[in-house]
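Chain residues, written in single-letter form:
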Amino acid sequence: MSSTRIGLFFVCLAGVLWGTGGLALEILRDHSSMSVPTVSAYRMLIAAVALVAASLVLRKGQQLVALVRAHPGRAVAVGLGTGAYQALYFGSVATAGVTVATVVSLGLAPVLLAAVDLVRARRRTAPRSTLRLTLVVGAALSGLVLVSASSGQDAVGARPTLGLLLAIASGCVYAATTALGSILLASDGVDPLALTTVATTAGAVGLVPVALAGGGPYFTGDPTALGTLAYLGVFTMALAYGLFYAGLRTTRSGSAVIATLLEPVTAAVAAAVVLGERLGPTGIVGSVLILAAVAGLDE
């Protein structure tokens, strides 16, 4: 298997892990009344601790120091961007509803990055490749709309205009963060684990004020809630982003974002299997379209 295919496989695994986060959040809500911003902050804090520990065990200290010295602003920007687009997305969910937030936030990023890829390669991209990319993006977005519509959530929230603006901002920040991470990883000597560690630590610091502003409770003693928080931090954040940035080394940012649309597919399937929610024909067709789009990626 080529390095590009391995990279795309890592990104797909990251999307699958992110997709389990919704189910974990539902379990956490059953055992704790902590707000979503508080959970998000804990998720990144736990991930930061896990990544620092992994870096020490794997003797990646030199790579961490080298990254901070060579690209301090960019590495921190990736982390703050990661925290920002999550906060914007959750704000969109609260004001415009799950469907609008998911479709706009996750759907805008691949369109923006695919357009950038086309502009950069306009002189060396054959018409057939351009058509293929257009079909892949179209299938991915169509599938995302169908999967989101099949979730059974209200399509419009109490403040749809504000929610739409937050979703657009989330999608733009998501695209910019992914592109910046890809550029960083293309630099000589930048290690994916080092980037994940620095970015996650910066994102955690950025999310703490958001969590405090969202109100308490800030703590829980429930064993199930604590275990779920640990899972969210270690698997859906530390491991998932480690795989994502490792995959970005050999995968175009536009292709990577399309591959991460496996997240809503995984979430829908997990909800159907574990919670007994009905996926329905619309959700099945949407999932197939997203899978076909990922299979159609050329790297």
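A brief look at the structure comes next. The structure presented is a predicted model; accordingly, all values stated were derived computationally and were not measured.

### With respect to the overall build of the chain
Next, step 1: Counting its regular elements, the chain contains 13 helices and zero strands.
Next, step 2: Mapped in sequence order, the helices and strands of the chain form the string α-α-α-α-α-α-α-α-α-α-α-α-α.
Next, step 3: For 299 residues, the compact-globule estimate of 2.2 N^0.38 gives 19 Å, and the C-alpha radius of gyration of the chain, at 19 Å, lies within 12% of that figure.
Next, step 4: With respect to the three principal axes, the spread of C-alpha positions in the chain is 60 × 50 × 35 Å.
Next, step 5: Once local pairs closer than 6 in sequence are excluded, the contacts in the chain between residues at least 24 apart make up 91%.
Next, step 6: When the accessible surface of the chain is totalled, it reaches about 13,700 Å², and 68% of it is carbon and sulfur.

### Regarding the packing of helix α4 (residues 61-70) against helix α9 (residues 192-213)
Next, step 1: Orientation of α4 relative to α9, taken along the N-to-C sense of each, is 65 degrees, at an axis distance of 9 Å. The two elements α4 and α9 meet at a crossing, and its hand is right-handed. Together, Q63, L64, L67 and V68 of α4 and A194, L195, T197 and V198 of α9 make up the contact between the two elements.
Next, step 2: Here the residues of the contact of α4 with α9 sort into six nonpolar, two polar and no charged.

### Quick word on unusual backbone geometry
Next, step 1: A positive phi angle is found at R59, which is not glycine, with a value near 55 degrees.
Next, step 2: Looking at where R59 falls in the secondary structure, it is placed in the loop between α3 (36-57) and α4.
Next, step 3: Overall, R59 belongs to the exposed group, its relative accessible area being 75%.

### Points about α3
Next, step 1: Compared with an ideal rise of 1.5 Å per residue, which puts 22 residues at 32 Å, α3 spans 31 Å between its outermost C-alpha atoms and is within 8% of the ideal.
Next, step 2: All buried positions along α3 are accounted for by V36, T38, V39, S40, A41, R43, M44, A47, A48, L51 and S55.
Next, step 3: Count one or two residues on from α3 and you reach R59, which has phi positive near 55 degrees.

### Topic: α9
Next, step 1: Over its 22 residues, α9 extends 32 Å from the first C-alpha to the last, a length consistent with the 32 Å expected when each residue adds 1.5 Å.
Next, step 2: Taken as a whole, α9 carries its principal kink of about 25 degrees at L207; the proline P209 stands between one and four residues after it.
Next, step 3: Two or three places before L193, at the opening of α9, D191 has a side-chain oxygen 3.0 Å from that residue's backbone nitrogen.
Next, step 4: Two residues or fewer past α9, G215 is found with a positive phi of approximately 90 degrees.

### Concerning the nonpolar core
Next, step 1: Counting residues in each nonpolar core, the largest one holds 61 residues, and the members touching the most others are L67, L195, Y241, F244, Y245 and I258.
Next, step 2: With eight residues, the next largest nonpolar core counts A24, A225, L229 and L232 among its residues.

### What about the environment of V274?
Next, step 1: The residue V274 is located in helix α12 (residues 262-274) in this model.
Next, step 2: Here the alpha-carbon distance between V274 and S33, two residues 241 residues apart in the chain, equals 21 Å.

### Regarding the environment of T177
Next, step 1: By the secondary structure assignment, T177 is in helix α8 (residues 160-186).
Next, step 2: Remark: the alpha-carbon pair of T177 and V78, spanning 99 residues in sequence, is separated by 5.4 Å.

Conventions we followed
Residues numbered from 1 in each chain as written. Predicted model: local features only at pLDDT ≥ 70, side-chain atom pairs only at ≥ 80, totals over all residues. Heavy atoms only, no water. Helix = DSSP H or I, 4+ residues; strand = E, 2+ residues; numbered from the N terminus. Rg over C-alpha atoms; globule rule 2.2 N^0.38 Å. Contact = heavy atoms within 4.5 Å. Areas by Shrake-Rupley, 256 points an atom, 1.4 Å probe, with all protein chains shown as cover. Axes fitted to C-alpha atoms, helices over the stretch in contact; angles between N-to-C directions. Left-handed = near helix turned anticlockwise from the far one by under 90°. Nonpolar A, V, L, I, M, F, W, Y, C, P; charged D, E, K, R; others polar. Buried < 20%, exposed > 50% of the residue type's maximum accessible area, 1.4 Å probe, protein only. Expected span 1.5 Å × (residues − 1). Bend = angle between axes of the 7 residues up to and from the residue. Polar contact = N/O pair within 3.5 Å; in protein donor to acceptor, adjacent residues only side chain to side chain. Core = buried A, V, L, I, M, F, W, Y, C linked by side-chain atoms within 4.5 Å.

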